[in-house]
Amino acid sequence: MSMAEPFIHLAGVRKVYRTRGVEFLAVSEATFDVEGGELVALVGPSGCGKTTLLKILAGLHSYESGTVRIGSAKQPFDPARDIGMVFQQPLLLKWRRILDNVLLPAEILGLPLAASRERARHLLALVGLSGAELKYPYELSGGMQQRAAIARALIHDPKLILMDEPFGALDAMTREKMNLELLRIWQEARKTIVFVTHGITEAVFLGTRVIVLTAGPARMADNFRVELPHPRTLDMKTSELFGDYTRRIYHLLGME
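Scoring rules and cut-offs
- Residues numbered from 1 in each chain as written.
- Predicted model: local features only at pLDDT ≥ 70, side-chain atom pairs only at ≥ 80, totals over all residues.
- Heavy atoms only, no water.
- Helix = DSSP H or I, 4+ residues; strand = E, 2+ residues; numbered from the N terminus.
- Polar contact = N/O pair within 3.5 Å; in protein donor to acceptor, adjacent residues only side chain to side chain.
- 1 Å grid on protein atoms, 1.4 Å probe; cavity = no way out; pocket = protein on both sides within 12 Å on 5 of 7 lines; lining within 4 Å.
- Points joined across faces, edges and corners; volume = space filled by probe spheres on them.
- Nonpolar A, V, L, I, M, F, W, Y, C, P; charged D, E, K, R; others polar.
- Core = buried A, V, L, I, M, F, W, Y, C linked by side-chain atoms within 4.5 Å.
- Buried < 20%, exposed > 50% of the residue type's maximum accessible area, 1.4 Å probe, protein only.
- Contact = heavy atoms within 4.5 Å.

1. Structural notes on the side chain of K191
1) Next: Its location among the elements puts K191 in the loop between α6 (172-189) and β7 (192-197).
2) Next: Polar contacts involving the side chain of K191 include one to the side chain of D157, which spans 2.5 Å.

2. Some words on empty space enclosed by the protein
1) Next: Applying the stated rule across the entire model yields one cavity of 30 Å³ or more.
2) Next: There is about 50 Å³ of room inside the largest cavity.
3) Next: Every residue along the wall of the largest cavity is listed here: I150, L154, I161, L182, I185, W186, A189, K191 and I193.
4) Next: Among the secondary structure elements, those contributing two or more residues to the lining of the largest cavity are α5 (142-154) and α6.

3. Side note on the layout of surface pockets
1) Next: Roughly 410 Å³ of volume is contained in the largest pocket.
2) Next: Residue assignment for the lining of the largest pocket shows that the elements contributing at least two residues are α2 (79-82), β5 (83-86), α3 (98-108) and α5.
3) Next: Broken down by class, the residue content of the lining of the largest pocket amounts to 13 nonpolar, two polar and one charged.
4) Next: Estimated volume of the second largest pocket: approximately 220 Å³.
5) Next: In terms of lining, the second largest pocket is formed by E5, P6, F7, E35, G36, G71, S72, Q75, K159 and T192.
6) Next: In terms of residue class, the lining of the second largest pocket is made up of two nonpolar, five polar and three charged.

4. Quick look at the nonpolar core
1) Next: In this structure, L124, I150, M163, I193, F195, V210 and I249 are the most contacted members of the largest nonpolar core, which totals 51 residues.
2) Next: In terms of residue count, α5 provides more of this core than any other element does, six residues in total.
3) Next: Setting aside chain neighbours within four positions, we find I150 in contact with V86, V127, M163, F167, M178 and I185.
4) Next: One finds V13, C48, L53 and L162 within the second-largest nonpolar core, a separate group that totals 28 residues.

5. As for the environment of Y136
1) Next: Note that Y136 resides in the loop between α4 (113-126) and α5.
2) Next: Y136 sits 75 residues away from I211 along the chain, and the two C-alpha atoms are 37 Å apart.
3) Next: Among residues more than four places away in sequence, those in contact with Y136 are K94, W95, R96, R97 and I98.

This is the structure we're talking about:
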């Protein structure tokens, strides 16, 4: 760990949902730091609190106890301005062309339109969608729509990108391709990314670090660095080190 203040600091975060008088512990004692520029994968089974943690980071959920700090006194953080989000579904507006979909956060934040339009074109090129600017969402495949959603998340130049199972609805081959694309975009855009997945190999392949959450009750079981070199290649999935990391997660999740 560097001596500098981490970009994200969570300590002892606990979240309880209450429905009809029944309490459900969604997150218990989540503690971890994220350095600026990391791509951290949050992995665990469905219902283990991954999305809840992401919503706490986004400022969309309150929490019972613990500390959540993003940014620093020197670099204050504004969730409305400094977060980009990508969900499992692209959530593109079907009546807007792709360029106009990408521009949406810039419009909402009141950013200068001419500069934002130029940035949108640049981002569409970055995600491999040059030439699709004037198409409508229905004219694009699922993978292409998700690329547009990533461009939209980057348009207002946020400091933090939160991704909630963004490739979960794609077929296996498209998903692998999108994993490679995301790593390329991450290295070019130099953003801090927190990526939620229940795909164990996906977490290891993407993450500079992996945080493992277990279900029932939700708890943080592990937090380790992935010492695989960059740029990552699909060949690495067959390496002994990659296998060691995935087995470590299988063991924590009781899947051996």
